[in-house]
Amino acid sequence: MYSRGIEVRVLGRDRTAQWLRVVTPDERAGWMARAALALRVPLSDLLIVDGGPLPGETAGQDPSPDGGGGLSASGSRAPSDSGIAASAADVPAIMDAPKGLAIVGVEQTFLHIAAGTRSEGVQVLRKDEQVKLLGQARGAWVRVQPFSAVVPGWVYAADLRPLPGAIPDAPAAAATLTATPAITTTPPISDVSPTPKPTPTMMVVEGVPEPEAATGAPVPPRLPVEIAVTIVEGALPPHNRAPASMRTPAETKVVVGMRVQIVTIFGDVLVEAMTPASGNLTFTRDVPADTALYVQLPALGLRMRLPQDQVQAGKVSITIAVPSAAP
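Each value, and the rule that gives it
- The residue numbers shown here count from 1 along each chain, following its written sequence.
- Under the rules for a predicted model, residues below a pLDDT of 70 receive no local features and side-chain atom pairs below 80 are neither given nor counted, while totals for whole chains, interfaces and linings still include all residues.
- To obtain the side-chain values, all non-hydrogen atoms of the structure were included, while hydrogens and water were left out.
- Here, strands pair whenever DSSP counts at least two bridges between them.
- Helix and strand assignments follow DSSP, with helices taken as H or I runs no shorter than four residues and strands as E runs no shorter than two, numbered in order from the N terminus.
- Note on definitions: angles span 0 to 180 degrees between N-to-C directions of axes, and those axes are lines fitted to C-alpha atoms, for helices only across the stretch in contact.
- Three exposure classes are used, based on accessible area relative to the maximum for each residue type with a 1.4 Å probe and protein chains only: buried under 20%, partly exposed in between, and exposed over 50%.
- Put simply, buried Ala, Val, Leu, Ile, Met, Phe, Trp, Tyr and Cys residues joined by side-chain atoms within 4.5 Å make one nonpolar core.
- Here, two residues are considered to be in contact whenever any of their heavy atoms come within 4.5 Å of each other.
- Think of a salt bridge as a Lys or Arg side-chain nitrogen and an Asp or Glu carboxyl oxygen that are within 4 Å of each other.
- Ring pairs are drawn from Phe, Tyr and Trp, using the six-membered ring of Trp, whenever the two centres fall within 6.5 Å, and their geometry is named by plane angle: stacked under 30 degrees, edge-to-face over 60, tilted for the rest.
- Whether a charge sits over a ring depends on NZ of Lys or CZ of Arg being within 6 Å of the ring centre and within 35 degrees of the ring normal.

Moving on to the sheet that holds strand S13 (residues 269-274). On the basis of which strands lie adjacent, the open sheet formed by four strands has the order S13-S12-S15-S16 and antiparallel pairing. The open sheet terminates on both sides in strands that have one partner only, identified here as S13 and strand S16 (302-305). Put simply, the sheet's adjacent strands are angled 20° from each other on average, direction ignored. In the sheet, strand S15 (residues 294-297) pairs with S16 via four bridges, with the strands oriented antiparallel. Paired with glutamine 296 across the bridge in S16 is arginine 303.

Laid out in structure tokens, this is it:
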């Protein structure tokens, strides 16, 4: 029994919208009647979930009329009972799937922390949204990195469509050799010469943070970039880069102890630090001349692309305003 005023985390609703799947402050999951809760978001925004039997049902019953289980995203081809209940730590890394760029081919699908619709969902991916294939697969599920999310996750493979060509703003990958099968005519057995045994060849693949171009191609030039970041409270004029003369004292109150990261388009952290008492951070890093850099605040889930002209010039200065209650 829980008292009035206790806050619970709502995971979703059943298809009748009469019951809500919740997690209590002591980390117990269960169902509560819709009328017993005061929602902070519209009921229609909650996803349909299957987290166990509803009150009055047996464990074998499914609260969804169509028998579906788990989080659902309209248009997804993923079977509702696909996968297993798992946390991210339970999922093995299988590095044998294709890598590259893919696009969501259905109206919307869901990004999960593990392979299967029964695992916890991260966010909805809309049609035509691009994701990076990470080369990991488990059954009919593939691991991807959306450009709109900080963390990677798993998506049902049939909901995606691979795209040809290079990933935008990514370094050029090494050329891939494709073997073309040849059609030959088999001579009579009496005329067949002994086939020499092929000489085994060893190939060593090493992971590097920034792949070089194919052998013989020029290496992209690198340039040093100095990035000055200031974190303040309150709203700033457009683009968060107004001169000091245009800011009020409230707008220039600095934020101390905020983690700031400089990342690539794939979320790879190049450098990070915590804001000191002055609220100002200065990073220096050598990067490829044509790379795209982003400033990221993990605590707020915020990522912002740095001005490309300033990156090319080798000096970037940016001020970011956050809500006063954020730290």
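Next comes the rest of the write-up.
What follows is about unusual backbone geometry. Here the phi dihedral of alanine 17 falls at roughly 65°; this positive angle occurs in a residue that is not glycine. The topology assignment puts alanine 17 in the loop between strand S1 (9-13) and strand S2 (19-23). Among the residues examined, alanine 17 registers a relative accessible area of 17% and is labelled buried. Here the phi dihedral of aspartate 128 falls at roughly 70°; this positive angle occurs in a residue that is not glycine. For aspartate 128, the position within the fold is in the loop between strand S6 (121-126) and strand S7 (130-138).

Quick look at the pairing of S7 now. Regular strands place side chains that alternate from one sheet face to the opposite one. Across five bridges, the pairing between strand S4 (residues 99-104) and S7 is antiparallel. Across the sheet, residue isoleucine 103 finds its bridge partner in S7, namely glutamine 130.

Another aspect to go through is the sheet that holds strand S11 (residues 222-233). Ordered by their spatial adjacency, three strands build an open sheet running S14-S11-S17, and the pairing between neighbours is mixed. In the strand order of this sheet, the two ends are held by strand S14 (280-288) and strand S17 (315-322), each with one partner. Geometrically, the sheet is characterised by an average inter-axis angle of 25° between neighbouring strands, direction not taken into account. Pairing analysis gives eight bridges linking S11 to S17, with the strands arranged parallel. For glutamate 233, the partnering residue across the bridge sits in S17 and is valine 322.

Generally speaking, a soluble globular protein has its nonpolar side chains buried in company with each other. Residues Ile227, Val229, Ile231, Val260, Leu306 and Ile320 are the most contacted members of the largest nonpolar core, which totals 22 residues. Broken down by secondary-structure element, the contributors of at least two residues to this core are S11, strand S12 (259-263), S14, S15 and S17. Ranked by the residues each element gives to this core, the list is headed by S11, at five residues. Discounting residues that sit within four places of it in the chain, leucine 306 has contacts with Ile227, Leu293, Tyr294, Val295, Val311, Val316 and Ile318. If you look at the next biggest cluster of nonpolar residues, it comprises 13 residues, including Ala102, Val104, Leu125 and Val142.

As for its position among the elements, methionine 274 is in strand S13. We classify methionine 274 as partly exposed; its relative accessible area is 41%. For the pair methionine 274 and arginine 259, spaced 15 residues apart in the sequence, the C-alpha separation amounts to 4.4 Å. Residues within four places of methionine 274 in sequence aside, it is in contact with Gly257, Met258, Arg259 and Leu281.

This part is about the pattern of salt bridges. The full count for this structure, using the stated rule, is five salt bridges. Across the pair glutamate 233 and lysine 253 runs a salt bridge, and its minimum N-O distance is 4.0 Å. Linking glutamate 233 in strand S11 with lysine 253 in the loop between S11 and S12, this pair joins segments that are 20 residues apart in sequence. Put simply, arginine 259 and glutamate 272 hold a salt bridge, and the shortest N to O gap is 3.2 Å. Here the residue arginine 259 occupies a position in strand S12, and glutamate 272 occupies one in strand S13, the gap between them amounting to 13 residues. In this structure arginine 259 comes out as partly exposed when scored by relative accessible area, which is 36%. Judged by its relative accessible area of 37%, glutamate 272 is partly exposed.

The subject of this paragraph is the packing of aromatic side chains. All chains considered together, the criterion is met by two aromatic pairs. Ring geometry for tryptophan 141 against tyrosine 156: centres 5.4 Å apart, planes inclined by 65°, an arrangement best described as edge-to-face. Here tryptophan 141, found in strand S8 (residues 141-146), pairs with tyrosine 156, found in strand S9 (residues 153-156); they are 15 residues apart in sequence, far enough to count as distant. Owing to a relative accessible area of 3%, tryptophan 141 belongs among the buried residues under this scheme. Here the aromatic rings of phenylalanine 147 and phenylalanine 266 are separated by 6.3 Å at their centres, their planes lie at 40°, and the arrangement is tilted. Within this pair, whereas phenylalanine 147 is found in the loop between S8 and S9, its partner phenylalanine 266 is found in the loop between S12 and S13, the two being separated by 119 residues in sequence. On the accessibility criterion, phenylalanine 266 (15% relative accessible area) is buried. Geometry around phenylalanine 266 places lysine 132 over its ring, the cationic atom sitting 3.8 Å from the centre. We note arginine 303 situated over the ring of tyrosine 294; from NZ or CZ to the ring centre the distance is 6.0 Å.

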